[in-house]
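Breakdown of the fold
Listed below, chain by chain, are the residues.
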Amino acid sequence: MPGHLLAIQNVTVGYGSGGARCLALSDATVSFSTGLTLVTGPSGSGKTTLLSLLGCLLRPDCGKVYVGGREVTGLSEGQRTKIRRESIGFVFQAFRLLRSLTALENVMIAGDVAGRSDSKRARKLLDQLGLGGKFQLKPDQLSGGEKQRVAIARALLRDPRILLADEPTASLDTRSGEQIAAILQSLANDEKRTVVVVSHDPRWESFAHQRVALSDGRVVRQQTKPLIERIDALVNVLIGG
Ligand SMILES: Nc1ncnc2c1ncn2[C@@H]1O[C@H](COP(=O)(O)OP(=O)(O)OP(=O)(O)O)[C@@H](O)[C@H]1O
Ligand SMILES: [Mg+2]
């Protein structure tokens, strides 16, 4: 497993104690390569717990977690925070934007001290995501899809190689959801980032090159799609088949 950009190996995570103890992940092993991986599974199967481990937000009870090819399980909180800030971007279902800040400020908040280079990069990212004319609008003045694009720009400010997205399209209408899926897929395929998406939406399958299925805290399937199937599925989405 060393050398893998992103992986968990024989990981167990439990919450609570005594009779109330619940195993969110149980001896789970899975690895993620460059590209878009879709993680599916019923509610409570451990998907958010898996993302929290990969994002260095949670430590396992046992097992190992690798980020950027490095085992992070035993690192100090300071070292883990550094890895999180430099290598990982997060995108959530509820966008998590600050209502009192503009779109531009919401992106710059991911920077250090809102330096000039952050401002330039934030503007460029918002521009690339189709929000060039909306820098000064606040979240309440943006549509759901636009808010999620601001959140993606914020996640990209530090140019992380890894993006973790928990139900990123669950609050969006079909069209906005497809736009967000296409953006995350392009970040994975064209920019060679490792993108992990948790979603219940079956349409994500056409955008993913790898699929991981969880059930009751166990990895029940890890499957990589052959290239030809990926192209077929994508063509079907594009022509509305
Ligand atoms: N902080 C916590 N304290 C106690 N139990 C927790 C905590 N977080 C998660 N759990 C439990 O761990 C299990 C896995 O939770 P997790 O949030 O990873 O599931 P999930 O697959 O993301 O579900 P959903 O699709 O509903 O978001 C669930 O049984 C949940 O109740
Ligand atoms: Mg969840």
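Our structure is the block above this text.
Report on the accompanying structure. Since we're looking at a predicted model, the values are computed, not measured.

This part covers the environment of Leu157. The topology assignment puts Leu157 in the loop between α5 (144–156) and β7 (162–166). Separated by ten residues in sequence, Leu157 and Lys147 place their C-alpha atoms 15 Å apart. Residues contacting Leu157, with those up to four places away along its chain left out, are Val107, Met108, Ala110, Gly111, Asp118, Arg121, Ala122 and Leu125.

Core analysis: the biggest nonpolar cluster contains 38 residues, and Leu36, Leu126, Val150, Ile152, Leu184, Val197 and Trp204 have the highest contact counts within it. Within the residue set of this core, elements represented by two or more residues are β3 (35–40), α3 (103–108), α4 (116–128), α5, β7, α6 (174–189) and β8 (194–198). Apart from the residues within four sequence positions on either side, Val150 is in contact with Leu97, Ala103, Asn106, Val107, Leu126, Leu131 and Leu142. Counting 27 residues, the second largest nonpolar core, distinct from the first, contains Val13, Leu50, Phe90 and Leu214.

Bringing a nonpolar patch on the surface into the picture now. A grouping of Val235, Leu238 and Ile239 is seen on the molecular surface, where their side chains present a nonpolar patch of about 330 Å² in accessible area. Using a relative accessible area of 40% as the deciding quantity, one classes Val235 as partly exposed.

The next point concerns the site of ligand 1. Neighbouring ligand 1 are Tyr15, Cys22, Ala24, Pro42, Ser43, Gly44, Ser45, Gly46, Lys47, Thr48, Thr49 and His200. At 2.9 Å, a side-chain N or O of Thr48 approaches an oxygen atom of ligand 1. At 2.6 Å from an oxygen atom of ligand 1 is found a side-chain nitrogen or oxygen belonging to Thr49. In isolation ligand 1 offers 640 Å² of accessible surface; the protein chains occlude 57% of this area. Only β2 (22–32) and α1 (47–54) provide two or more residues apiece to the shell around ligand 1. In terms of residue count, α1 provides more of the shell around ligand 1 than any other element does, three residues in total. For the shell around ligand 1, a count of residues per class yields four nonpolar, seven polar and one charged.

The rules behind the values
- Residues numbered from 1 in each chain as written.
- Chains lettered and ligands numbered in written order.
- Predicted model: local features only at pLDDT ≥ 70, side-chain atom pairs only at ≥ 80, totals over all residues.
- Heavy atoms only, no water.
- Helix = DSSP H or I, 4+ residues; strand = E, 2+ residues; numbered from the N terminus.
- Contact = heavy atoms within 4.5 Å.
- Core = buried A, V, L, I, M, F, W, Y, C linked by side-chain atoms within 4.5 Å.
- Buried < 20%, exposed > 50% of the residue type's maximum accessible area, 1.4 Å probe, protein only.
- Patch = residues over 30% accessible without salt bridge, like charges linked within 9 Å, V, L, I, M, F, W, Y side chains within 5 Å.
- Areas by Shrake-Rupley, 256 points an atom, 1.4 Å probe, with all protein chains shown as cover.
- Salt bridge = Lys/Arg side-chain N within 4 Å of Asp/Glu carboxyl O.
- Near = heavy atom within 4 Å.
- Polar contact = N/O pair within 3.5 Å; in protein donor to acceptor, adjacent residues only side chain to side chain.
- Nonpolar A, V, L, I, M, F, W, Y, C, P; charged D, E, K, R; others polar.

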